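# Geometric and topological summary
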Amino acid sequence: MSLNTPAESAARLSGALQLDEALAFPRIAIESVEPQLEGGRFAAKAIEGEARTVTAVIFADGHDKLAGQVLWRLVEDPEWQRVPLEFLGNDHWQASFVPPRVGRVVFAVEAWWDLYGSYCYELSKKHGAGVPIKLELQEGELLLRQALEQAPAALVDELQALLTRLEETQSIDERVALLLAPETVAAVTRVEAHPHRVRSPLYPLDVERKLAEFASWYELFPRSAANDGKRHGTFRDVIARLPDIQAMGFDVLYFPPIHPIGRTHRKGPNNSLKAGPDDPGSPYAIGSAEGGHEAIHPQLGSREDFQALVQAAREHGLEIALDFAIQCSPDHPWLAQHPGWFSWRPDGSIRHAENPPKKYEDIVNVDFYARDAQPDLWLALRDVVKGWVEQGVTLFRVDNPHTKPLPFWEWLIADIRAAHPEVIFLAEAFTRPAVMARLGKVGFTQSYTYFTWRNTKEELAQYFTELNQPPLCDCYRPNFFVNTPDINPFPLHGQGRAAFLIRAALATMGSGLWGMYSGFEICESAPVPGKEEYLDSEKYQLRQRDYRAPGNIVSEIAQLNRIRRANPALQTHLGLQVYNAWNDNILYFGKRTADRSNFILIAISLDPHNAQEAHFELPLWELGLPEDAATHGEDLMNGHTWTWHGKTQWMRIEPWHQPFGIWRIRAAT
């Protein structure tokens, strides 16, 4: 029997209840199944090769014992896999399974009355209390005989041998021991009927590759790769930078749009409305006579050059991510070819993108629900993504997805991943929490976050904790970008090298996913006065940088990424717990694997200028250790080791040396 039968649903809706309806209701309740999103409407997230734990609350009337299992399978596989549920107490149960490959998995929770388990519980309880158990022993023999009658051929000999031993055993204690023996319980359980069996609805899991959960993103503008501030960079120039990017430990190289840039209303330096003849314009004003979203800006190189870059990146352990920005310049070929895909004003002029009082006259938006846009516009955009996947692109950072229809994303992502399940979609969405979560539910692999604007200890602790709890932990993978071409965070303005190290430590340790826009490694922070924007922004002009300039943090970034690769606890945002450090300027938290075999403690001073001190607690209770235990500590930035004694310790962080500590902890031997 399944939960939520038609009879049960009808009775619940009407408020009336007939006897025959009540008799059809399940006697066992399965509630609070996790992971699940909106009753299975959307798929929770999982990673291939990593255990996914299913939990549920299961109970029934009375004191009889229950048993259960998780059934799971890849959707294309006809046979169910079964994992027994483990009873945790207080009606809570759990089981784990490992999705073997990328794709869609479905699972359900099944429970039933455990007749032999209930019998064993009562027998053990009565025998221990010295109560006469003659009838109970007869009941046990009867249960074994019933199991033998129902057993498949493969189990007949085993059950017959157990029954023969029971008949030949005279000692009450020995008969009790045989009836309670694990091998007896296992044999009977395999053939026992499952009275009052009930099964939950099916719940889906979207299983992705490890890069969906653990990756370090590096963003650069290929047009600045020539690095002289005057000559337009090319894909070949980017290839020359690959060794340095690889050496810093990045595995995703992300480009803003690489398409032809329109001329009409082209923006000049610092977002000025007038561009000179040699100004490159904003790459987000996509499309010109040379082509649209499927084309490459001619000054960057040819399609063969792009393919050479993709191949060279792979040889350096890097995958290419492209920006998918659904917007057009007024010169985009689609305006002439498909005017019905756009919104027009009553005077016949095109409706430009706006964010009052700002008006982006170099950009126009498509209208997804225009009469002439369905389905042709949707298919054309799908084909754009498909075309770049065929060129070797495996990740897409999607610009402002929250301003486009959610049904479009649900369809497009499912369509692309049905043929190319390796493809990853990153949502660049800074909007309301419910909308950001929904983007994860409809298929986005990961998302930009509020991390950029979480700066105090209280804000960071609350946000890190929230990301580890349902429903966000099941639908939302946070990618902690420390900066972007659009966001030059206030905490970095004029605060010096330590401020950049603080944000790098928070991002790399707080999540398995983090990102950095070029210039961060040389502590670039000159702002437009009073704004979270870069002065002389690369969005509107070419930039020249000395990536080895004095004061750079290149080596620290490389070490942070090495630490992440060496410690499984740091390869996800999950498994994070905030601990006590008695100083409001020090955020202190732990990241640990489920079995506690890899346990990392992180202490970060949020003050880039002054030394900070604090007493703090070692989480000995999580390691099963007493409060006076000795533990071994290792500083993962420099390799120093020591022994801590007891739970309460003391730290001092000096930002001019290093504004954080990263320590691996284990029980002293």
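The residue numbering used here restarts from 1 in each chain and proceeds along that chain's sequence as written. It should be noted that, the model being predicted, local features are given only for residues of pLDDT at least 70 and side-chain atom pairs only at 80 or more, the latter also being counted only at that level, while totals for whole chains, interfaces and linings use all residues. The side-chain quantities take in all heavy atoms of the structure and omit both hydrogens and water.

Moving on to unusual backbone geometry. The step from Glu 34 to Pro 35 runs through a cis peptide bond, and the omega angle for that step is 5 degrees. Runs of H or I in DSSP of at least four residues are treated as helices and runs of E of at least two as strands, each being numbered from the N terminus. The residue Pro 35 is located in the loop between β1 (28–34) and β2 (44–47) in this model. The linkage connecting Gln 374 with the following residue, Pro 375, adopts the cis geometry, with an omega of 5 degrees. Within the secondary structure layout, Pro 375 lies in the loop between β15 (358–364) and α11 (376–390). The phi dihedral of Asp 91 falls on the positive side, at around 70 degrees, and the residue is not glycine. When you line up the elements, Asp 91 lands in the loop between β6 (86–89) and β7 (92–97). The backbone phi angle of Arg 596 is positive, close to 65 degrees, even though this residue is not glycine. Tracing the sequence through the fold places Arg 596 in the loop between β22 (586–592) and β23 (599–605).

This part takes up helix α4 (residues 134–150). With 17 residues, α4 ought to run about 24 Å at 1.5 Å a step, and its terminal C-alpha atoms sit 25 Å apart, in line with that. Think of it in three bands: with a 1.4 Å probe and only protein chains considered, a residue is buried below 20% of the maximum accessible area for its type, exposed above 50%, and partly exposed in between. Three or more residues of α4 are buried, namely Glu 136, Leu 137, Gly 140, Leu 143, Leu 144, Ala 147 and Leu 148. For α4, the buried positions fall inside an angular range of 140 degrees around the axis, keeping them on one side. With respect to the buried face of α4, the exposed residues turned more than 90 degrees away are Lys 134, Leu 135 and Glu 149. The criterion used for residue contact is that any of the two residues' heavy atoms lie within 4.5 Å. Here the buried face of α4 lies against α3 (115–128), α5 (153–168), α6 (172–180) and α7 (182–191). A helix is expected to span 1.5 Å for every residue after the first. The arc refers to the directions leading from the helix axis to the C-beta atoms.

Using the residue numbers shown here, the UniProt feature "site: Transition state stabilizer" (unreviewed entry) corresponds to Asp 486. Summarising the element assignment, Asp 486 is placed in the loop between β19 (479–481) and α16 (497–510). Relative accessible area serves as the criterion here: at 31%, Asp 486 is assigned to the partly exposed category. Not counting residues within four places of it along the chain, the set of residues in contact with Asp 486 comprises Arg 397, Glu 428, Glu 532, Glu 533 and Lys 539. UniProt positions are given in the numbering used here, feature names are shortened, and annotations may be inferred rather than shown by experiment.

Further remarks concern α11. Compared with an ideal rise of 1.5 Å per residue, which puts 15 residues at 21 Å, α11 spans 21 Å between its outermost C-alpha atoms and is within 8% of the ideal. All of the buried residues along α11 are Leu 377, Trp 378, Ala 380, Leu 381, Arg 382, Val 384, Val 385, Trp 388 and Val 389. For α11, the elements touching its buried residues are α9 (303–315), β13 (319–324), α10 (333–337), β16 (395–399), α12 (406–419) and β17 (424–428). Trailing α11 by a residue or two, Gly 392 shows a phi angle of about 105 degrees, which is positive.

This next bit is on the side chain of Asn 488. Within the secondary structure layout, Asn 488 lies in the loop between β19 and α16. Polar contacts, as counted here, are pairs of nitrogen or oxygen atoms within 3.5 Å of one another; within protein the pair requires one atom able to donate a hydrogen and one able to accept it, and residues that are adjacent in sequence qualify only if both atoms are side-chain atoms. Reaching out from Asn 488, the side chain makes a polar contact with the backbone oxygen of Ser 525 at a distance of 3.0 Å. Every residue in contact with Asn 488, bar those within four places of it in the chain, is listed here: His 493, Ser 525, Ala 526, Pro 527, Glu 532, Glu 533 and Tyr 534.

Moving on, we get to the environment of Ala 147. Of note, Ala 147 is situated in helix α4. On the basis of relative accessibility, which here comes to 3%, the residue Ala 147 falls in the buried class. When the C-alpha atoms of Ala 147 and Asp 607 are compared, they prove to be 69 Å apart, with 460 residues separating the residues in sequence. Residues within four places of Ala 147 in sequence aside, it is in contact with Leu 159, Val 188 and Val 191.

A few words on the nonpolar core. Put simply, a nonpolar core is a bunch of buried Ala, Val, Leu, Ile, Met, Phe, Trp, Tyr and Cys residues held in one set by side-chain atoms that sit within 4.5 Å of each other. Grouped together as the largest cluster of nonpolar side chains are 133 residues, with contacts concentrated most on Ile 58, Phe 306, Phe 396, Trp 409, Phe 425 and Ile 662. In terms of residue count, α16 provides more of this core than any other element does, nine residues in total. In terms of nonpolar packing, the next biggest core, distinct from the first, is built from 22 residues, Tyr 119, Ala 147, Ala 151 and Leu 162 among them.

Turning our attention to the environment of Glu 422. As for its placement among the helices and strands, Glu 422 is situated in the loop between α12 and β17. Once the C-alpha coordinates of Glu 422 and Gly 103 are considered, the two residues, 319 residues apart in sequence, prove to be 9.1 Å apart. Once residues within four sequence positions are removed from consideration, Glu 422 is found in contact with Arg 209 and Thr 394.

Here the UniProt-annotated "binding site: alpha-maltose 1-phosphate" (unreviewed entry) positions come out as Lys 267, Gln 327, Asp 362, Asn 400, Lys 539 and Tyr 540. Lining the largest pocket, from this annotated set, are Lys 267, Gln 327, Asp 362, Asn 400, Lys 539 and Tyr 540. When you line up the elements, Asp 362 lands in strand β15. According to the relative accessible area criterion, Asp 362 is buried, its value standing at 3%. Among residues more than four places away in sequence, those in contact with Asp 362 are Thr 264, His 265, Lys 267, Ser 282, Ala 285, Cys 328, Ser 329 and Pro 330. Mapped onto the elements, Lys 539 comes out in the loop between β20 (513–517) and α17 (554–566). Buriedness for pockets is judged along seven lines, at least five of which must meet protein on both sides within 12 Å for an open set on the 1 Å grid over protein atoms alone, while cavities are sets there where a 1.4 Å probe fits but cannot get out, and lining residues have an atom within 4 Å of a point.

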